[in-house]
Amino acid sequence: MDLVLFKLRDDLDEGEWGLRAVIDEDYKEVAVKEIEGLEIGLYVKSSKVNVPKWQEDLMLIALNQKDQELIGLKNQSTGAVVKVKRHGHKFLLVYGTGRHAVDSSKIEAGFGLRVAANAIDAEALKGVDTRAIAGSGRSQVVSMPSAGSLHRLGIEPTVDLVRYLEGKPPEEIGTGIAGGDSLRLTMKSFSYTSLPQKLDEVVAAYESREYKEKFPFLDYFTRVPRTRGELHSKLKAKVDELLLSGGEGVDFMNPDSDRLASPDRFLLKWGRKSLQIQGELSRSVILEVMSQWEIPDPMMSLQVHAYFDGIERSVKTSLMPYLVTEIELGEEVYAPCSGAWYRIDKDHLSDLQERVRSIPDLTGNLPLRSWVAGAEDEGRYNLKALVGNDHVVLDKSLFYAKGGKNLKVEVCDLLTRRKEMICVKKMDRSSPTLSHLFAQGSVSARLFRDNRQYRGVVLQHLGKLVGVPRVGDFEDWKVVFAIATDRPGRIADSLFFFSKVNLDLAVRAIHGAGLGVALAKIDFIKPGSVPSPRRSIGGGRGASGPRDDRNENLRLF
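Only a predicted model underlies this, so the values are computations on that prediction, with no experimental measurement involved. (Residues numbered from 1 in each chain as written. Predicted model: local features only at pLDDT ≥ 70, side-chain atom pairs only at ≥ 80, totals over all residues. Heavy atoms only, no water.)

A. Just the overall build of the protein, in detail. The secondary structure content of the protein amounts to 17 helices and 28 strands. Counting across all 557 residues of the protein, residues that qualify as buried make up 51%. Sequence separation of 24 or more characterises 68% of the internal contacts of the protein that already satisfy a separation of 6 or more. Total accessible area computed for the protein in this model is approximately 27,000 Å², and 49% of it derives from carbon and sulfur atoms. (Helix = DSSP H or I, 4+ residues; strand = E, 2+ residues; numbered from the N terminus. Buried < 20%, exposed > 50% of the residue type's maximum accessible area, 1.4 Å probe, protein only. Contact = heavy atoms within 4.5 Å. Areas by Shrake-Rupley, 256 points an atom, 1.4 Å probe, with all protein chains shown as cover.)

Have a look at this one:
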């Protein structure tokens, strides 16, 4: 059987059991036997029958709408919650829909993940859930039929928050274990008389630090405790500021935590105003509601009522569980995921920054002109981006693989006679903007290495600049990410955290293909601003004329 367990926060008041109001409205308390070593209580939700919302759709195609099989379609939801206290720790065991009675703000977040990480051998993983905590907020669930390592699961934990692990634990714990915020134990047999010992084993696994050796990436992102109210308020105020200024760098998506189904509809409420939404929340919907209702503090006062199929009552929250963004506060970087704020580990930040700073910077060597805000889009900028005639513009020139147009790739925006494949993009707070740029460069590099037809197309363009175009050594070719920004300093220092993460991944892929990588900064001039002087970084045309060694690893610290 499976045992699903939540641990409540230790700082809750003595009589607080982390249950939503539905426990009084829909559940009945049932008297239980005494069990040595436990304080225990039981609440049961009796079966409620309701008509599934999709019955109407089926009636539209049924020959006989009064068919008893069709009319008899019913949803039934039952649930139970068991309150348990052991050695000062409080737990909730849930059955059926009982998990919807648990108040997520009162549980020990990541409890099941920590227990699973300490209990599972690094080579005994069977499944993992991840979510990119900025940018697209992309979620993925990966499972394997047999146990293996994280590498076999194809997970990149430097960019994705690992929030659920599944695998094979030691025999004394169970036959299977999986954990996120909740812990799921699979056991051959279970009785409540053995629960005290089982809880002791679980707490010991939770308090262990063994995971730091096996899965150190779990500390890359540290959840901000809910007790730090002042910090939470500052972070929400920053998000409000971004939303009220147009929403750049902010998005929304379903939290889908612990493999729960996504809501089928929402009701947004602010005071007496409300709006029903089918499907998913989106930034455009939130911004429209904010504008029409003139909401000054959406993160604090806009309510979201989520409705799940088969659950009578909505789950009411703020916008927080649906938020995707990245916030810099002082020297710290924070990002939300499924309703919680996470602080990016400083050592992780430092290591990443060192790798990004080691990428050659060609800003002083490439005569890229400034980009004037509002005066031109990317396409118009690329036409005159470089001075001189030693390059060709390939913007929107797509490569199609033979056998159809399923694979189409933009080689680069600019190709120089020095075999520089320059990819251009304007930087904003939205991580996906630059992640697309970095993906373009890494895909182009891999195709250049592996696809003869692709190399032929690139050489054909190079032939417009040199008499006899040759591939030569792959390391002679370089992917250059030219990024426009009005932020001061080197481009390596100007990027937002998750852009650096995606750049780091792209660099590994490009180097793996045998090509070089470099960065270049484009001055982005907003109305009323003065362009910064283009100085040579590590030497270049701005200092002493052209340089012969364009492969020098240029660094600033």
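That covers the picture; the talk isn't over yet.
B. How the structure looks around the pairing of strand β1 (residues 2-7). Counting buried residues along β1, five of its six residues qualify, which places the element largely inside the surrounding structure. Judged from the four bridges that link them, β1 and strand β10 (residues 183-186) form a sheet pairing that is antiparallel. The residue of β10 that forms the bridge with L5 is L183. As paired elements, β1 and strand β5 (residues 89-96) share four bridges and run antiparallel to each other. The residue bridging K7 from the neighbouring strand is F91, located in β5. (Pairing = 2+ DSSP bridges.)

C. How the structure looks around the nonpolar core. Ranked by internal contacts, the top residues of the largest apolar core, which has 54 residues, are L415, W477, F481, F497, L503 and L515. V84, A119, L125 and L185 belong to the second-largest nonpolar core, a separate cluster that totals 39 residues. (Core = buried A, V, L, I, M, F, W, Y, C linked by side-chain atoms within 4.5 Å.)

D. Structural detail: the sheet that holds strand β19 (residues 332-337). If you trace the four strands from one edge of the open sheet to the other, you get β11-β20-β19-β18, paired in antiparallel fashion. Two strands lie at the open edges of the sheet, namely β11 (221-223) and β18 (327-329), each paired on one side alone. Between one strand axis and the next, the sheet turns through 35° on average, direction left out of account. Here β19 runs beside strand β20 (residues 340-344); their pairing, made up of four bridges, is antiparallel. Across the sheet, residue C337 finds its bridge partner in β20, namely A340. Contacting β19 and β20, helix α11 (residues 346-357) crosses the sheet at an angle of about 55° to β20. (Axes fitted to C-alpha atoms, helices over the stretch in contact; angles between N-to-C directions.)

E. Inspection of the pairing of strand β27 (residues 478-485) at higher detail. Most of β27 is tucked away: eight of the eight residues are buried. Side chains of β27 alternate between two faces, with K478, V480, A482 and A484 and V479, F481, I483 and T485 buried alike. As judged from the eight bridges shared by β27 and strand β28 (residues 516-525), these two strands associate in the parallel manner. The partner of F481 across the bridge, within β28, is L519.

F. Focus on the pattern of salt bridges. The tally for this structure, following the rule as stated, stands at 24 salt bridges. Linking R9 and D11 is a salt bridge whose minimum nitrogen-to-oxygen distance equals 3.0 Å. When the shortest N-O distance is used, the salt bridge between K85 and E14 registers 2.7 Å. In this pair, K85 is assigned in strand β4 (residues 75-86) and E14 in the loop between β1 and α1 (22-25), connecting sequence segments 71 residues apart. For E14, a relative accessible area of 59% gives the class exposed. Each of D2, E166 and R184 takes part in a single network of salt bridges with overlapping partners. (Salt bridge = Lys/Arg side-chain N within 4 Å of Asp/Glu carboxyl O.)

G. View of the packing of α11 against helix α16 (residues 497-512). Between α11 and α16, the shortest axis-to-axis distance is 10 Å and the interhelical angle comes to 55°. Taken together, the axis directions place α11 and α16 in an arrangement best described as oblique. The hand of the α11/α16 crossing is left-handed. Between α11 and α16, the contacting residues are H348, L349, L352, Q353, R355 and V356 on the first element and F497, K500, V501, L503 and D504 on the second. (Parallel < 35°, antiparallel > 145°, perpendicular 65-115°, else oblique. Left-handed = near helix turned anticlockwise from the far one by under 90°.)

H. Region of the structure containing the packing of helix α4 (residues 111-119) against helix α6 (residues 195-207). It is at 7 Å that the axes of α4 and α6 come closest, and there the two elements cross at 85°. Between α4 and α6, the angle is such that the two are roughly perpendicular. Here F111, R114, V115 and N118 of α4 lie close against α6, whose contacting residues are V202, A205 and Y206. Class assignment for the residues of the contact of α4 with α6 results in five nonpolar, one polar and one charged. (Nonpolar A, V, L, I, M, F, W, Y, C, P; charged D, E, K, R; others polar.)

I. Region of interest: helix α8 (residues 229-244). Between its first and last C-alpha atoms α8 spans 22 Å; for 16 residues at 1.5 Å apiece the expected length is 22 Å, and the two agree. For α8, the set of buried residues is L231, H232, L235, K236, V239, D240, L242 and L243. A positive phi of about 125° marks G246, the residue just after α8. (Expected span 1.5 Å × (residues − 1).)

J. Quick peek at the packing of aromatic side chains. Under the defined criterion, the tally for this structure stands at ten aromatic pairs. Summarising the aromatic geometry, the rings of F215 and F217 are spaced 5.9 Å apart at their centres and angled 65° between planes, so their arrangement reads as edge-to-face. Arranged with centres 6.0 Å apart and planes meeting at 75°, the rings of W371 and F524 form a pair that is edge-to-face. Placement of W371 in strand β21 (residues 371-372) and of F524 in strand β28 is noted, with a sequence separation of 153 residues between them. Classification of W371 by relative accessible area gives buried; the value is 3%. Under the relative-accessibility criterion, F524 is labelled buried at 13%. Among the aromatic residues, ring-to-ring pairing joins F91, F111 and Y206 into one connected group. When the ring centre of Y307 is taken as reference, the NZ or CZ atom of R265 above it lies at 3.9 Å. One Lys or Arg, R487, reaches over the ring of F496 and ends 4.5 Å from the middle of that ring. (Phe/Tyr/Trp six-rings, centres within 6.5 Å; stacked < 30°, edge-to-face > 60°. Lys NZ or Arg CZ within 6 Å of the ring centre and 35° of its normal.)

The analysis is restricted to geometry; functional conclusions fall outside its scope.
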